[in-house]
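# Structural overview
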Amino acid sequence: MSALIVSLILAVPITALETEITLSVADGDRTADIQAAIANIADGGTIYFGAGTYHANISIINPGKSFSLVSLDSAAILDGGEAGSVIRIRDTGAHTVTVDGFTITNGKAKNGGGIYLDNADAVVTNCRIYGNTATDSASGGVSSATARGGGMCIEYASPVVTNCIFTENTVFADAQGESLSTATAVGGAVYTVGGILDQSWPVFTNCTFAGNEAWASASAAGYYLLRRFLPGIEVTTFLGGGMYNGTQAHTLITNCIFWDNDSATVLFDTETEIWSVNMAHTSLTYSNVQGGYPGEGNLNADPLFGADFSLLPTSPCIDTGIDASGTSLGRVSNDIRGADRPFSASFDMGAYEHVSLSVVLTLTLDPLAGSVTCTAAAAGGYGAYTYDWDLDGDGTYEALDGGTLQVITPYTGGKGTVSVRVTDENFCTADDSKAYHIENMPFSPGMTQPLAITQVGKVLNTWTEILAQIPPEPTEVMNGLIGRIQTHMASAMQLTNPIYASGQLFQAVALMEELAAMLE
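Cut-off values and rules
- Residues numbered from 1 in each chain as written.
- Predicted model: local features only at pLDDT ≥ 70, side-chain atom pairs only at ≥ 80, totals over all residues.
- Heavy atoms only, no water.
- Helix = DSSP H or I, 4+ residues; strand = E, 2+ residues; numbered from the N terminus.
- Polar contact = N/O pair within 3.5 Å; in protein donor to acceptor, adjacent residues only side chain to side chain.
- Contact = heavy atoms within 4.5 Å.
- Pairing = 2+ DSSP bridges.
- Axes fitted to C-alpha atoms, helices over the stretch in contact; angles between N-to-C directions.
- Core = buried A, V, L, I, M, F, W, Y, C linked by side-chain atoms within 4.5 Å.
- Buried < 20%, exposed > 50% of the residue type's maximum accessible area, 1.4 Å probe, protein only.
- 1 Å grid on protein atoms, 1.4 Å probe; cavity = no way out; pocket = protein on both sides within 12 Å on 5 of 7 lines; lining within 4 Å.
- Points joined across faces, edges and corners; volume = space filled by probe spheres on them.
- Disulfide = S-S within 2.5 Å.
- Arc of directions from axis to C-beta.
- Nonpolar A, V, L, I, M, F, W, Y, C, P; charged D, E, K, R; others polar.

### Some words on the side chain of Lys-65
Position of Lys-65 among the secondary structure elements: in the loop between β4 (58-61) and β5 (67-71). Separated by 2.7 Å, the side chain of Lys-65 and the backbone oxygen of Ile-41 make a polar contact. Those residues in contact with Lys-65 that lie beyond four places of it in its chain are Ile-38, Ala-39, Asn-40, Ile-41, Ala-42, Asp-43 and His-95.

Given below as structure tokens:
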């Protein structure tokens, strides 16, 4: 290699960008950490956010690369601290920025309290965008205030927004003048606008808009003209509690729910959910809109929300959406929590796919101990589960919130029925019952020798003590040990040879010691 080539190589600094970066909320300035990660991520890379609250206002301007911001287990919160938009993305060119799985809250700006997009291509998915504010105020002789998009403001941009929940976002404008005051607040949750040259093509699929608000206030004291007092002119405009689509915004809305959004106005009280100007191009289909909206498959019916805007089993939004897995609708194949779409006959509207609650009860009989181990496994539904148990078959659930495991010891020759009822956070329930017939195997000289019988008694006492310490929801490893212990003990009782019986008891005791160590 020539000296000239070597010198050129040494003169060029080499900086390797990272394909993956993981952030935590341990300490430090979150905004600075996030901005540094954005600067150091490679094209196509991913920045992961661990659980916790990140107090940050993120700015992404002309990044020159595509990358993703991803919340691990959807447990990261981005809190704007009322110091500006939580996320601002501008001038992405041919690149795309993806925002996945966050709670985005407490942003405050004139346009786009939660997210502001300007000449940007972005994917926003699986996010909860709530409690953000777009606000503007003005005062003076002639005052004018305008605010847009409490949750999200889209200007000359074409984002794809899927499986998102917009709630409790507000847009507010306040003008306090003397002669003329105009206050305009549009798009409580979302505001979109385009231009003749830079049009917007936003896509909203399987999103839920609920409890957002647009409102404005204007006052003008008045003025004197030719010694005569004239009242001031006050103009307020507040439209689109859920969404406002402005000029040259080609907005495609599918499988969405707009309910209980408010623009707090009398003049346009039938248009509180969605407002589109004449030059907007809004296509809304297979969606549920309070007050109604023209379009194929649209509904005007109470969505019957459960916890966190999931759907109750009787919701009219279940099985009334369409397949949105195609590219044009954002490739939606699961819901905000990762459940597959569809779950049942067809696709659901909103951010949640309704997954029916179910429970399976399994009984394991131990003839040696005369015990029945009852294990319940629930699936589907929404949120955490509560297990209630009827252990004596009398129809009353006496063990409330009893966890997934119960152990009962009926009398010799006992018969009975065990029932379990599981309840999710929407107060939906499912139940299962199983009957059992168990007999304690009696000790007899023909079965084992006296030494083996003595060993059985000691082992049985030890096993009874350990059973009392097992938690309501044992781990998978614990359940495996329990099953193996019961098998060895049952084998010991069935063997007539005391040596073989003692061997089975020895193996059972060894496993008991292992289980007891886990319980310490």
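Picking up after the structure, the text goes on.
### Notes on the sheet that holds strand β11 (residues 115-118)
Sheet architecture is open: 7 strands sit in the order β4-β7-β11-β15-β19-β26-β29, paired in parallel fashion. A strand with exactly one partner marks an edge of an open sheet, and here the two such strands are β4 and β29 (274-276). Neighbour-to-neighbour, the strand axes of this sheet turn through a mean angle of 5°, independent of strand direction. Pairing geometry for β4 and strand β7 (residues 87-90), over 4 bridges, is parallel. When the bridges of β7 are listed, Ile-60 appears paired with Ile-89.

### Brief notes about the sheet that holds strand β1 (residues 18-23)
In space, the 9 strands of this open sheet follow the order β1-β2-β5-β8-β12-β16-β20-β27-β30, with parallel pairing throughout. Looking along the sheet, the strands with just one partner apiece sit at the ends: β1 and β30 (281-285). Looking at each pair of strands side by side, their axes are set apart by 10° on average, direction ignored. Strand direction decides the pairing type here: strand β8 (residues 97-100) and strand β12 (residues 122-125), joined by 4 bridges, are parallel. Note on β12: the bridge partner recorded for Asp-100 is Thr-125. Across the sheet, helix α2 (residues 30-40) is in contact with β1, β2 (41-49) and β5; its angle to β2 comes to roughly 150°.

### Things to note about unusual backbone geometry
Look at the link from Arg-341 to Pro-342: it is a cis peptide, with omega at -10°. Position of Pro-342 relative to the elements: it lies in the loop between β31 (288-289) and β32 (358-366). One non-glycine residue, Glu-168, lies in positive phi territory at about 60°. Tracing the backbone shows Glu-168 in the loop between β17 (165-167) and β18 (170-186).

### Some points on the nonpolar core
Counting 49 residues, the largest nonpolar core has Phe-49, Ile-104, Met-152, Phe-166, Phe-204 and Phe-209 as its most contacted members. In this structure Phe-166 touches Ile-129, Met-152, Val-161, Ala-189, Val-190, Phe-204, Thr-208, Phe-209, Ala-210 and Asn-212, once residues within four positions along its chain are discounted. Among the nonpolar cores identified, the runner-up in size contains 20 residues, and Val-456, Leu-467, Met-478 and Met-489 belong to it.

### Considering the layout of surface pockets
Where empty space is left in the structure can be found by rolling a water-sized probe over the atoms. Volume-wise, the largest pocket comes out at about 290 Å³. Lining of the largest pocket is provided by 17 residues; of these, Val-123, Thr-125, Val-160, Thr-162 and Gly-330 occupy positions nearest its centre. Where the lining of the largest pocket is concerned, the elements lending two or more residues are β12 and β16 (160-162). Among the elements that make up the lining of the largest pocket, the one with the highest residue count is β12 (3 residues).

### Overview of the state of the cysteines
Applying the stated criterion to the full structure yields 0 disulfides. The thiol sulfur of Cys-256 is not disulfide-bonded, and the nearest other cysteine sulfur, from Cys-207, lies at 4.7 Å.

### Quick word on α2
Buried residues of α2: Arg-30, Ile-34, Ala-37 and Ile-38, and no others. The arc that holds the buried residues of α2, viewed along the axis, is 100°, so those residues lie on one side. Packed against the buried residues of α2 are β1, β2, β3 (52-55), β4 and β5.

### Structural notes on empty space enclosed by the protein
A full pass over the atoms with the stated rule returns 2 cavities of 30 Å³ or more. Taken as a whole, the largest cavity encloses approximately 50 Å³ of empty space. Ser-310, Leu-311, Arg-337, Tyr-352, Glu-353, His-354, Val-355, Gly-381, Tyr-382, Asp-424, Asn-426 and Cys-428 together form the lining of the largest cavity. Split by residue class, the lining of the largest cavity holds 5 nonpolar, 4 polar and 3 charged.

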